[in-house]
Structures are given as structure tokens and as C-alpha cells.
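# Structural features, examined
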Amino acid sequence: MSVDILVNPEKGAIYVNGFRVLLRHAYIFQSMKREMERLVGASAGFLFHKAGKDASLIVPVENGSLESSVESLTWLGLGKYTLKKENKNRIIVEARETPFSTGFVKKFGKRKTPFCHYIAGVLEGLAERSTRRKSRCVEISCVTRGDDKCRFSIEIEDSPSNWDFDEKPHPKQSGNLVPYGGVKLDTNKGFYMLKGWPELIVPSSFYFTIREEGKKIMGDSITGIISLSASEWYKKVSKLLQLYIFILKEFTTFSTKRKMWQKFLDQYYSRIWGFGIAKIITMDKNEIIVRLFNSGFAETYIEKGVKTSKPVCDAVRGYMMGWGNLFFGEECSTEETKCIAMGDEFCEFVIRKS
Ligand SMILES: [Zn+2]
Ligand SMILES: [Zn+2]
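Residues numbered from 1 in each chain as written. Chains lettered and ligands numbered in written order. Predicted model: local features only at pLDDT ≥ 70, side-chain atom pairs only at ≥ 80, totals over all residues.

### Re the sheet that holds strand β13 (residues 332–338)
The 4 strands lie next to each other as β11-β12-β14-β13, forming an open sheet whose pairing is antiparallel. Here the strands that pair on one side only, and so sit at the sheet edges, are β11 (277–283) and β13. Here the average twist between neighbouring strands, direction ignored, is 20°. In this sheet, strand β14 (residues 347–353) lies alongside strand β12 (residues 287–293) in antiparallel orientation, the contact comprising 6 bridges. The residue bridging R291 from the neighbouring strand is E348, located in β14. Across the sheet, helix α11 (residues 314–328) touches β12, β13 and β14, and the angle it forms with β13 is around 140°. (Pairing = 2+ DSSP bridges. Helix = DSSP H or I, 4+ residues; strand = E, 2+ residues; numbered from the N terminus. Axes fitted to C-alpha atoms, helices over the stretch in contact; angles between N-to-C directions. Contact = placed C-beta atoms within 7 Å.)

Next comes the structure, spelled out in C-alpha cells:
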């Protein structure tokens, strides 16, 4: 098992085998993908499949062993898998649940088609890199359809892979190999659990792929979907947090609120989720300004040298909107006014009562 997870609290960053990663709530991806399906149908599945295949690059394939790399997925919070080789060209991989299928039926009801395209993409990537042959992975049964397990079928062709993957080791990062504060790996399920909710690790490049490829099929709607799926989390999932904010709102002074929120940002954004370092700059009864340094959502843009004219940290904007709504007790507008992907020194979010 060679998954090397490092947390660097000074950068607010987490690295897996040298790749910048983010820890994200599983349900965010479920609602994000459902929204995309509503808009563009099956293309959403292809998009998540592609993002999964790219994401597989953070898992090393040692001695060409697919078994050991599939085992490593547990350490990314992607679930726990068993592998059955049917013949030299066909492998079945199964899991009792994946981050995409867990809790799905209860929340959204049964669906007709499999949902875990991201996992199929990850498995396809691992198969292709370990065999160096063209591979194809599809999910053949899925818990979201009411099946007992999620099952993936990997077909390995005889022809060599033409996927242009770069197997060079990523530069080592500094940091401490520490357990996430408050996060525990449930080794039975293969998920990270944070206050009872499943979380998983995705590479920072996930957001680049989803956003940039998503734009090609659904235009700017993709930015709204990414940000809404993050803000919805506050509305629907986190009742506990709402109570906490209610107490803050009713019984404390503004400066206490600010301190408590800052503490939350230090702990969750920087040490648990790996978003970067967030600082509250202004906070009064009409406006909140938060700066985010070293945004994990913009990292891939910087790495690839892709400069944009628009900000890219839609997920953080969504979170900020969620916070703003809770703090002000009414709908508010949130804008990312500066972004490191546009060449700014930091990302900046302005939350206003609307
Ligand atoms: Zn599934
Ligand atoms: Zn940004």
C-alpha cells in the first residue's frame, strides 16, 4: 500500500503521492452529477468517467499490479473493492458501496442506470496503466439501482494503450503525515468519515477537468452547478451546523462570530479539506470579505499555465454563499472578485446581503 498522505497546514494543502488533493463531501458529487445529468443527460457520465480516469494518476501502479492499486483506493476514501479475474481479458471489481452510491437511494430514490462513472473511470485508468493495454471499464450493476453491489467490468484489449499518461513521479512535498483532524478512515467501507458524513479524496485536477470539459457541453451552467452543489450542502445536510450558526447569530456579538468562523476556516479549510488558507478580511452586518490563499481549486490552472479571465473557485463561492445565508438569515449574493487563476495574488470572495 503506497498511498502517502501529507497535510501541510501552512499551505492549507493536502498531498497524495505528491499530487495536491482535496477532501470533499461525497453527497456534493452526487448532487453535482445529478444536476449535470438533468441538463445534458448521459454526457455527464462520460465527463465523470474522464475525470475519474485522470484522477487515477495519483495512485501508483507498482510492479504492474492492478490488485494492489485497487486496494489503495480505500486510502483515498473511494470505497473498498474486491477483484475477480474472469479470464486474461476480463476482470470484475465489486464494492458494497461507493462514495457515489452510498445513501443515494434514501436521498434521491432508485434510478434506472448505474451512477458511479467516476469509479469506472478510476478503475479503467488503473487497468490501462498496469497492463499498458487499451482497457474499458463499465459499471454493470449499481447500488443506486437497488442492486446489492456496485460491479464494474474491465475489458482489457490486446492492443497497446494510446493514453498519453505521464508516469513520472510527482515532486515530493513537505508536510506531516498526520491523521485528518476529526476525520477517520472507516476501513470497512473505505470512506473517510467526518461527523458521520462520508468524504473522499479527489485530486485538485478534478475541478479543472469537470469545469473545463463541462463548459464544452453545457457552457457556463457548469460553474453554477459546481457552486450550487456546495451551497446546497449547507442547506440540506448540515442541520447541526445550522443550529450552531443560529446560536451564534442570536446570542453572540459580531466579533465572537467572526472569531468562531475564522476558527472553522483554519480547521476545516486548511487542515481537513485542503482548500488553502482562508482569512476573513471584513465582516459587518451587510458584507463579508474572505481571502483564500493557495486555492486548491485553482491549483491545476497554475500548474498547467492556463490563465483565465474569470475566477474558477466556484465550489468555494458556493460554500461562502451557504455561510452568508446562514449568517445573514436571508439570501445573499456571493462573488469571487479575485482569483489566482486570473493572475491575482489570492482569491477573494465578497458576500453581500441582497
Ligand atoms: Zn454504483
Ligand atoms: Zn480562485
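What follows continues from the structure just given.
### Examining unusual backbone geometry
Negative phi values dominate among residues other than glycine, just as trans dominates among peptide bonds. Within the chain, R132 stands out as a residue other than glycine whose phi angle is a positive 60°. Residue classification places R132 among the partly exposed positions, given that 15 C-beta atoms sit within 10 Å. Phi at N294 is positive, roughly 60°, even though this residue is not glycine. Take N294: it is sitting in the loop between β12 and α10 (299–304). (Buried ≥ 20, exposed ≤ 12 C-beta atoms within 10 Å, placed from the backbone.)

Scope: geometric values only; no functional claims are made or implied.
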